[in-house]
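Report on the structure
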Amino acid sequence: MLDLLITHANLPDGRINMSVAVRDGRIVEVAEGLQALAHQTLDAAGQLLSPPFCDPHFHMDATLSYGLPRVNQSGTLLEGIALWGELKPLLTEEALVERALVYCDWAVAKGLLAIRSHVDTSDASLLPVRAMLEVKKRVAPYLDLQLVAFPQDGVLRSKGGLDNLKRALDLGVDVVGGIPHFERTMSEGAASVKLLCELAAERGLPVDMHCDESDDPLSRHIETLAYETQRLGLQGRVNGSHLTSMHSMDNYYVSKLIPLIAEAGVSAVANPLINITLQGRHDSYPRRRGMTRVPELLAAGVTVAFGHDCVMDPWYSLGSGDMLEVAHMGLHVAQMTSQAGMRQCFDAVTINAAKVMGLGHYGIEAGQDASFVLLQARDPIEAIRLRATRLKVWRKGRLLSDMAPAAARLALPGRPGSTAFTR
Ligand code: FE2
């Protein structure tokens, strides 16, 4: 006897009219036309059943703090960092936990069930770290929250930066972070990459650095990150986040760099909403887009995912935890408008993001967790186009959220009682 049988589902990889059988929180079979007794049966009627959305780059300690203590006037990354510095002395553990839990509720409703969050380790109190560890524990029954030790003020530039980061790891933070482009000099930035990769190798941890989040084409810390990954045998465990300077690098240098990234098995996360908002701020016109070279990295075999990065915080005033909005922006900024390109943008917030995070038991296949989202769309492209309603969200066989289909009740002359759902 099955717990759940979903029939007539379209899957993101192009399989259509599939049945998905669930028992004890796991998918036991995926096939066409399955017939079996189940406690619950659901006809998906040709709608898209996707594995959950994953956000591989977020800042849960800053989320929903918009306006505290003031708004970012210039809209730049550097004013955002300064503003976060003004807010930090005012933070309390309770308020951080409360805001993060609200965001996690939003995330679940949007089918976003795994988030990798950087957490600021710069302050000796480690207050954000303790708060986010508490959140991780509280949301564990319904959401995978990974934490990255992120030295926002620079691991070498800030007093006690390395010591504080190590203490955060001792407390149970999962991933080693960094911010080489914010260290004092290029050489200190490179030194920070080396020492943080060595620390990760020593402790057997993954690495995920904010890397070259800059319009400066000479910001080349990704080269050092790829080199250290290979030197220390960290292939498959290292991610470069942002990599926006690659947008502005000359093509000859990039033609050498991308194969080095691929060879080192380093993945990349672009943050389209934030990159298009924060980069190019020193330009007049033409103004650069500032997102890294997503199609070129993908073509070289690099795993590329998209992150949300910020929602209503010192760096970004909008957002709602909707990874389809992230994919939508990524598609436009990278001009990935072919059918294949649009599907790759959907993968960037699902399977590729899961790969960056190293999630196990992910995907709609027998043996994987019964975690998935039913969308009011027929395929990934339609899902992105409509930022489709998440009709139902399950995790390990348990229904966590459901939402009524979007439909307008029209009052048109001569067409009484008609409804419309724009396809
Ligand atoms: Fe970030």
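Our subject is the structure listed above.
Notes on the structure in this doc start here. (Residues numbered from 1 in each chain as written. Predicted model: local features only at pLDDT ≥ 70, side-chain atom pairs only at ≥ 80, totals over all residues. Heavy atoms only, no water.)

Brief notes about the side chain of His 242
Topologically, His 242 is positioned in strand S11 (residues 238-242). Filtering out sequence-adjacent residues up to four positions away, His 242 remains in contact with His 57, His 210, Cys 211, Glu 213, Val 269, Asn 271, Asn 275, Thr 292 and Asp 309. (Helix = DSSP H or I, 4+ residues; strand = E, 2+ residues; numbered from the N terminus. Contact = heavy atoms within 4.5 Å.)

Brief notes about the coordination of the iron ion
Only His 57 (NE2), His 59 (NE2), His 210 (NE2) and Asp 309 (OD) from the protein reach the iron ion as donors, at distances of 2.1 to 2.4 Å. For the iron ion, the four donor atoms in the first shell make angles of 86 to 179° at the metal, a pattern classed as irregular. Motif for the iron ion, donor spacing along one chain: H-x1-H-x150-H-x98-D. Separated by 250 residues along the polypeptide, His 59 in the loop between strand S6 (53-58) and helix H1 (77-87) and Asp 309 in the loop between strand S13 (304-306) and helix H11 (323-333) bring together distant segments of the chain. For the pair formed by His 59 and Asp 309, the shared burial category is buried. (Donors = N, O, S within 2.8 Å, 3.2 Å for Na, K, Ca; no water. Tetrahedral: all angles 85-135°; square planar, octahedral: opposite > 155°, others 65-115°. Buried < 20%, exposed > 50% of the residue type's maximum accessible area, 1.4 Å probe, protein only.)

Description of the side chain of Thr 244
Structurally, Thr 244 is set in the loop between S11 and helix H7 (245-248). We classify Thr 244 as buried; its relative accessible area is 0%. For Thr 244, the contacting residues outside a window of four places in its chain are Cys 211, Asp 212, Glu 213, Ser 214, Asn 275, Gln 279, Gly 290 and Thr 292.

A word on the sheet that holds strand S1 (residues 2-9)
Backbone-to-backbone hydrogen bonds join strands into a sheet, with any given pair of strands oriented parallel or antiparallel. One open sheet holds the four strands; their spatial order is S3-S2-S1-S4, and the pairing between them is mixed. Strands at the two margins of the open sheet, each flanked by one partner only, are strand S3 (26-32) and strand S4 (38-43). For this sheet, the mean inter-axis angle between neighbouring strands, taken without regard to orientation, is 15°. Direction of pairing for S1 relative to S4: parallel, over a ladder of five bridges. (Pairing = 2+ DSSP bridges. Axes fitted to C-alpha atoms, helices over the stretch in contact; angles between N-to-C directions.)

Looking at helix H6 (residues 221-231)
Considered for burial, the residues of H6 that qualify are His 221, Ile 222, Thr 224, Leu 225, Ala 226, Glu 228 and Thr 229. Of the surrounding elements, those touching the buried residues of H6 are helix H5 (186-203), strand S10 (207-211), S11 and helix H8 (251-264). Of the residues flanking the end of H6, it is Gly 233, one or two places downstream, whose phi is positive at about 70°.

Considering the packing of H5 against H6
Their axes nearest at 9 Å, the elements H5 and H6 cross at an angle of 30°. Relative to H6, the element H5 is oriented roughly parallel. Of the two elements, H5 crosses H6, and the hand of that crossing is right-handed. Contact with H5, carried on its side by Met 186, Gly 189, Ala 190, Val 193, Lys 194, Cys 197 and Glu 198, involves His 221, Thr 224, Leu 225, Glu 228 and Arg 231 of H6 and no other residues of that element. (Parallel < 35°, antiparallel > 145°, perpendicular 65-115°, else oblique. Left-handed = near helix turned anticlockwise from the far one by under 90°.)

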